[in-house]
Amino acid sequence: MLSAREKELISEIWERLTPVAEDIGAEALLRMFATQPGSKTYFSHLDISPSSAHLRSHGQKIVLAIAEGAKDISQLAITLGPLQTLHAYQLRIDPTNFKFFSHCMLVTLAAHMRKDFTPVAHAAMDKYLSAFAAVLSEKFR
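This report concerns the structure included in the present document. (Residues numbered from 1 in each chain as written. Predicted model: local features only at pLDDT ≥ 70, side-chain atom pairs only at ≥ 80, totals over all residues. Heavy atoms only, no water.)

1. Considering the overall build of the chain
- When helices and strands are counted, the chain shows 7 helices and 0 strands.
- For the chain, the succession of helices and strands along the chain, N to C, is α-α-α-α-α-α-α.
- Whereas a compact globule of 141 residues would reach a radius of gyration of roughly 14 Å, the chain reaches 14 Å, a difference of no more than 12%.
- In terms of overall dimensions, the chain has a C-alpha envelope of 40 × 35 × 25 Å along the principal axes.
- A buried classification covers 41% of the 141 residues belonging to the chain.
- Taking the intrachain contacts of the chain between residues at least 6 apart in sequence as the baseline, contacts between residues at least 24 apart amount to 77%.
- Here the chain has roughly 7700 Å² of accessible surface; of this, 57% comes from carbon and sulfur atoms.
- Put simply, the chain has 15 plus and 14 minus side-chain charges, and the middle of one group is 4 Å from the middle of the other. (Helix = DSSP H or I, 4+ residues; strand = E, 2+ residues; numbered from the N terminus. Rg over C-alpha atoms; globule rule 2.2 N^0.38 Å. Buried < 20%, exposed > 50% of the residue type's maximum accessible area, 1.4 Å probe, protein only. Contact = heavy atoms within 4.5 Å. Areas by Shrake-Rupley, 256 points an atom, 1.4 Å probe, with all protein chains shown as cover. Lys, Arg positive; Asp, Glu negative; His and termini not counted. Charge placed at Lys NZ, Arg CZ, Asp CG, Glu CD.)

2. Regarding the nonpolar core
- Of all hydrophobic cores here, the largest spans 44 residues; its most connected members are Ile 10, Trp 14, Ile 66, Met 105, Leu 109, Met 125 and Tyr 128.
- Those elements giving two or more residues to this core turn out to be helix 1 (4–17), helix 2 (21–35), helix 3 (53–71), helix 6 (96–113) and helix 7 (119–137).
- Top element by residues in this core is helix 7. It accounts for 10 residues.
- If we ignore the near neighbours within four places in the chain, the residues touching Ile 66 are Trp 14, Phe 101, Met 105, Tyr 128, Leu 129 and Phe 132. (Core = buried A, V, L, I, M, F, W, Y, C linked by side-chain atoms within 4.5 Å.)

3. Comments concerning the pattern of salt bridges
- The full count for this structure, using the stated rule, is 8 salt bridges.
- In this structure, Glu 12 engages Arg 5 in a salt bridge whose closest nitrogen and oxygen atoms are separated by 3.8 Å.
- Among the charged side chains, a network of salt bridges with common partners joins Arg 5, Glu 8 and Glu 12. (Salt bridge = Lys/Arg side-chain N within 4 Å of Asp/Glu carboxyl O.)

4. Points about helix 2
- Its 15 residues place the ends of helix 2 21 Å apart at the C-alpha level, agreeing with the 21 Å of an ideal helix rising 1.5 Å per residue.
- Residues of helix 2 that are buried include every one of Ala 21, Ile 24, Gly 25, Ala 26, Ala 28, Leu 29, Met 32 and Phe 33, and no others.
- Residues of helix 2 that are buried in the fold lie against helix 1, helix 3 and helix 6. (Expected span 1.5 Å × (residues − 1).)

5. Some details on the side chain of Asn 97
- When you line up the elements, Asn 97 lands in helix 6.
- Judged by its relative accessible area of 9%, Asn 97 is buried.
- Setting aside residues no more than four positions away along its own chain, Asn 97 makes contact with Met 32, Ser 39 and Tyr 42.

6. A closer look at the packing of helix 6 against helix 7
- Two numbers describe how helix 6 lies on helix 7: the axes approach to 9 Å, and their chain directions differ by 155°. As summarised for this structure, helix 6 and helix 7 are arranged roughly antiparallel, according to the angle between their axes. The handedness of the crossing between helix 6 and helix 7 is right-handed. Residue-level contacts link Phe 98, Lys 99, Ser 102, Met 105, Leu 106 and Leu 109 of helix 6 to His 122, Met 125, Asp 126, Leu 129, Ala 133, Leu 136 and Ser 137 of helix 7.
- The residue makeup of the contact of helix 6 with helix 7, split by class, is 8 nonpolar, 3 polar and 2 charged. (Axes fitted to C-alpha atoms, helices over the stretch in contact; angles between N-to-C directions. Parallel < 35°, antiparallel > 145°, perpendicular 65-115°, else oblique. Left-handed = near helix turned anticlockwise from the far one by under 90°. Nonpolar A, V, L, I, M, F, W, Y, C, P; charged D, E, K, R; others polar.)

None of this, on its own, says anything about what the molecule does.
This is the structure we're talking about:
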């Protein structure tokens, strides 16, 4: 699935983006809410207006989870185990939303990283985010 170089590249990208996790995560969430309005239903208990503390906090949690998974992609299912259970059984998130969010994250990364988001980085990140979404969706099967 991912080559050793792609795994290294993904890890480097997330390590670099961790300091701006709130910004990246909040923007990706806003993009998802704008393009997939139905996804807002899972956040009805939060203030998800632009720059809100809830939006920024949740965005940061997502980015940090993605970054944590990138540290050892071969252990992604183990790393995401608690999040799988939370999203499947407690929050009951439609797994399609993970795919929507992955796409919005790719767009956000391209906007923030600009020329550093090369075609190689884009392809590697797309593979990784697809795997991340698939692992989160496993408990729904």
